[in-house]
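Coordinates in review
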Amino acid sequence: MRVRKAVIPVAGLGTRFLPATKAIPKEMIPIIDKPMIQYIVEECVGAGIEEIIFVTARGKDAILDHFDISFELETTLRAKGKADLLKICTEVSQMVTVTAVRQKEALGLGHAVLTAKSAVGNEPFAVLLGDDLVVSKVPCIRQLISVFEKREQPVIGVMQVPREETGKYGIIGGKEIAGSGGKLIQVKTMVEKPKPASAPSNLACPGRYVLTPKIFELLEKTKPGAGGEIQLTDALAKLPDNGGLLACIFDGRRYDTGDKLGYIEATIAFALQRPEFKKSVRELLTRYSQ
Ligand code: UTP
């Protein structure tokens, strides 16, 4: 059971980034010089994914253009002998096979995943959110795929969060799998944004999943939940009684780039990782914190 395809929903309205997202998809906002979405696609490529299925919407064409050949730009760079820049551009367009399905209305993340049903077909697939970056040695989604390949059950990536922050995430509850070194949990319950007192644990699901077509059956029966949207969490919560669901505590650092502070944090962290910026950014941070 190989995982060849990844679904990346990018059809949301991106209201937390208005007015920037009035005419630009949130996922195209760069962290330094690379759009957020490219980091996610690179994670997929690093994990052996062969095809990306974007769930897009009106106004999101720039995402597809970004991964397509830019004939005019590439011809100009070639003619001017700008080999380095040409390489940067062609690497993006040759990175991976990209297809798109259209979500006509932003009816929720669950609905977005369901929109990809026929593009996925009858095989397991990965889901990554377009505004959640994870920096790790082994790509986060690869860590989940490895668990899926061994255990043949859907897997969601989870991370520990402070108790007082459970209200921001889908939180799981379950039993640790013996011999997994505390890394794997057989999920029993999944609750969307619980208050700290009623949260089943402090293990939060930020936006990495490996699923099977079973999820489509469950999504088709899922009624609109919180915010009038069809929630992926509501369908995932039914998996423990429908074949099982695992959670894997992934190794890596996650940045919520859909949130303004998370975006600022990611920009600083990524700049500090770049040899050409490291020293100057440190100096700037010192200067501005005085
Ligand atoms: P968010 O909750 O971050 O929503 O969705 P959003 O619309 O992008 O941003 P805000 O909250 O208004 O600022 C998580 C992911 O699910 C996608 C989004 O594009 C984002 O990558 N999504 C959400 C869809 O594709 N369709 C939807 O109906 C909802």
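For the structure, check the block above.
Every residue gets a number counted from 1 within its own chain, in the order that chain's sequence is written. The model is predicted, so local features are restricted to residues of pLDDT at least 70 and side-chain atom pairs to those at 80 or more, both for listing and for counting; the totals for chains, interfaces and linings are taken over all residues. Hydrogens are left out, water is left out, and the side-chain values use all remaining heavy atoms of the structure.

1. Some points on the site of the ligand
If a single non-hydrogen atom of a residue is within 4 Å of a molecule or strand, that residue counts as near it. Around the ligand, a shell composed of 18 residues is seen, among which Thr 15, Arg 16, Lys 26, Gln 103 and Gly 108 lie nearest. Contact distances for the ligand include 2.7 Å between an oxygen atom and a backbone N or O atom of Arg 16. Think of a polar contact as two N or O atoms within 3.5 Å of one another; within protein, one of them needs to be a possible hydrogen donor and the other a possible acceptor, and neighboring residues in sequence only count if both atoms come from side chains. Separating an oxygen atom of the ligand from a side-chain N or O atom of Glu 27 is a distance of 3.3 Å. Alone, the ligand offers 570 Å² of accessible surface; in the complex the protein occludes 83% of this. A molecule is said to occupy a pocket when more than half its atoms come within 2 Å of that pocket's grid points, and by this definition the ligand occupies the largest pocket. In short, Shrake-Rupley with a 1.4 Å probe defines the accessible areas, and a residue's cover is counted only from the protein chains shown. Definitions used throughout: a 1 Å grid over protein atoms alone; a cavity as a set of points that fits a 1.4 Å probe which cannot get out; a pocket as an open set with protein on both sides within 12 Å along at least five of seven lines; a lining residue as one with an atom within 4 Å of a point. Cavity and pocket membership follows a simple rule, namely that a molecule belongs there if more than half of its atoms are within 2 Å of the grid points.

2. Side note on helix α10 (residues 260-273)
Its 14 residues give α10 an end-to-end C-alpha distance of 20 Å, which sits within 8% of 20 Å, the value for a rise of 1.5 Å per residue. Type-normalised accessible area, obtained with a 1.4 Å probe on protein chains alone, sets the label of each residue: buried when under 20%, exposed when over 50%, and partly exposed for intermediate values. Only DSSP runs of H or I reaching four residues or more are called helices, and only runs of E reaching two or more are called strands; each is numbered from the N terminus. Taken together, the buried positions of α10 are Gly 262, Tyr 263, Ala 266, Ala 269, Phe 270 and Ala 271. Helix span is expected to be 1.5 Å times the residue number reduced by one.

3. Examining the nonpolar core
Side-chain atoms within 4.5 Å are what join buried Ala, Val, Leu, Ile, Met, Phe, Trp, Tyr and Cys residues into a set we call a nonpolar core. Formed by 41 residues in total, the largest nonpolar core has its most connected members in Ile 8, Ile 37, Ile 52 and Phe 54. Elements supplying a minimum of two residues to this core: β1 (5-9), α1 (36-46), β4 (51-56), β6 (125-128), α7 (140-151), β13 (246-249) and α10. Should any heavy atoms of two residues lie within 4.5 Å, those residues are counted as being in contact. In this view, Ile 37 contacts Ile 8, Val 10, Glu 27, Met 28, Phe 54, Ile 63, Phe 67 and Gly 130; residues no more than four positions away in its chain are not counted. With 35 residues, the next largest nonpolar core counts Ala 112, Ile 156, Ile 172 and Ile 230 among its residues.

4. Quick look at unusual backbone geometry
With omega at 5°, the peptide bond leading from Leu 18 into Pro 19 counts as cis. In this structure, Pro 19 sits in the loop between β1 and β2 (30-31). Positive phi outside glycine occurs at Glu 152, with the angle close to 50°. Take Glu 152: it is sitting in the loop between α7 and β8 (155-160). Here the phi dihedral of Lys 193 falls at roughly 45°; this positive angle occurs in a residue that is not glycine. Relative to the elements of secondary structure, Lys 193 occurs in the loop between β10 (184-192) and β11 (203-205).

5. Let's talk about the pattern of salt bridges
Any two side chains of opposite charge can pair, on the condition that their charged atoms come close. Whenever Lys or Arg places a side-chain nitrogen within 4 Å of a carboxyl oxygen from Asp or Glu, that contact is recorded as a salt bridge. Counting across every chain of the model gives 21 salt bridges. One salt bridge connects Glu 42 with Lys 34, and the closest N-O pair in it is separated by 2.9 Å. The structure contains a network of salt bridges with shared partners spanning Arg 2, Arg 4, Lys 5, Glu 50 and Glu 123.

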